[in-house]
Amino acid sequence: MTYDLGATARLTAECRDPGGALATADTAVLTVTLPDGTTLTPAVTETPTAGRYQADVPTTLPGRHTVRWVWTGPGWAYTDVFDVRDQAPPVILSLADAKEHLNLTDSGEDEEVRFWNGATTRAVETFTGPVVVREFSEVHQERTMPTLVLRRTPVVAVTAAQPVLAGGRTYDAADLVVDGETGLVRLASGNALRGPLRLDYRAGRPVIAENISGAARIILQHLWRTQRASGRGGLAGGSSDYSVTEPIPGLGYAIPNRAVQLLEADRLPPGVG
């Protein structure tokens, strides 16, 4: 389950005896481990159904949360996870645009649409680099750097260049010359940068071109259709727009031909991204 940052997650679980029957416990403890490693132990209550418990957890950090239930009496435990979205999750399409493209008019499937919309953005950005403008931070380990190249492009602006080691030099962002398309950074003075340095910067596209948003719509519809057709013998029709030629390593799905064509003008060079 995924929650928006600031929402309250209502967690539920069942306590069972060794035979598998629901059982009321002597004690019930819930421990939630947050993404930063800290823990919460919210109050747990038994619902009107004996053996079923719940707890409310306000969300304060984005990321993966681990949930650990432990009951004494019958001696039972249960572990689970839930996710919290970033305050501004990077998505190319708004929920309204995504639903319109999928011809959905009610809110019953909004959470599933949001999930696949996020997956769509990741798929597009595998080809193009960041589309939605957001913050990145990375370390460059070299001691002397006439230039350095940021790993994500297009770069909007470098906001900080700070030393990794004590006694190193901090550079004012105003003293840096940045090539947004290539990510190349150098000092305006022509001197070499002294590292190791941690650079904070914004990357993405302040204006999202129609070919990118169009490709996102095609990929979203492809993912939406294929996950619904998986148990029904595949897609009907066989449109070339939805034939698959390019698997993305690690993503577990592939990109339709038509989307690849739309993204070609913004495709990253080999080895970049």
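Residues numbered from 1 in each chain as written. Predicted model: local features only at pLDDT ≥ 70, side-chain atom pairs only at ≥ 80, totals over all residues. Heavy atoms only, no water.

Q: Please explain the overall build of the protein chain as it appears in this structure.
A: Helix and strand counts for the protein chain stand at four helices and 18 strands. Looking at the 273 residues of the protein chain, the share that counts as buried comes to 35%. For the protein chain, long-range pairs separated by at least 24 residues make up 66% of all intrachain contacts whose partners lie at least 6 apart in sequence. Total accessible area on the protein chain is roughly 14,800 Å²; 51% of this is exposed by carbon and sulfur atoms. (Helix = DSSP H or I, 4+ residues; strand = E, 2+ residues; numbered from the N terminus. Buried < 20%, exposed > 50% of the residue type's maximum accessible area, 1.4 Å probe, protein only. Contact = heavy atoms within 4.5 Å. Areas by Shrake-Rupley, 256 points an atom, 1.4 Å probe, with all protein chains shown as cover.)

Q: Looking at this model, I keep getting lost on the packing of aromatic side chains. Mind explaining?
A: Each aromatic ring pair is characterised by the separation of its centres together with the angle its planes make. Counted under the stated rule, the structure contains five aromatic pairs. For the pair Phe115 and Trp116, a centre-to-centre distance of 5.0 Å together with 85 degrees between the ring planes defines the contact as edge-to-face. What makes Phe115 exposed here is its relative accessible area of 52%. Of the residues examined, Trp116 reaches a relative accessible area of 17% and is grouped as buried. Three or more aromatic residues joined by ring pairs make a cluster, and in this case those are Tyr53, Trp69 and Trp71. (Phe/Tyr/Trp six-rings, centres within 6.5 Å; stacked < 30°, edge-to-face > 60°.)

Q: Which parts of the structure should I look at to understand the sheet that holds strand 2 (residues 8–14)?
A: The strands that make up a sheet are held in pairs by hydrogen bonds between backbone atoms, and each pair lies either parallel or antiparallel. What the three strands build is an open sheet, ordered 2-6-5; its pairing is antiparallel. Edge strands, defined here as strands with exactly one partner in the open sheet, are strand 2 and strand 5 (45–46). As paired elements, strand 5 and strand 6 (residues 52–58) share two bridges and run antiparallel to each other. Its bridge partner being in strand 6, Thr45 is matched across the sheet by Gln54. (Pairing = 2+ DSSP bridges.)

Q: Hey, could you run me through the sheet that holds strand 9 (residues 134–140) in this one?
A: A sheet is described by the order of its strands in space; here three strands give the open sequence 9-16-12, paired in antiparallel fashion. The open sheet terminates on both sides in strands that have one partner only, identified here as strand 9 and strand 12 (155–163). When strand polarity is set aside, the average angle formed by the axes of neighbouring strands in this sheet is 20 degrees. (Axes fitted to C-alpha atoms, helices over the stretch in contact; angles between N-to-C directions.)

Q: When you look at the nonpolar core in this model, what are you seeing that I'm missing?
A: Grouped burial of nonpolar side chains is what soluble globular proteins tend to show. Membership of the largest hydrophobic core comes to 25 residues, with the highest contact counts inside it found for Ile92, Val124, Ile219 and Ile255. Mapped onto this core, the elements with two or more residues apiece are helix 2 (110–128), helix 3 (210–229) and helix 4 (257–263). Counting residues per element, this core draws most heavily on helix 3, at eight residues. If we ignore the near neighbours within four places in the chain, the residues touching Val124 are Ile92, Val131, Ile212, Ala216, Ile219 and Leu263. One finds Leu11, Leu34, Ala55 and Val84 within the second-largest nonpolar core, a separate group that totals 17 residues. (Core = buried A, V, L, I, M, F, W, Y, C linked by side-chain atoms within 4.5 Å.)

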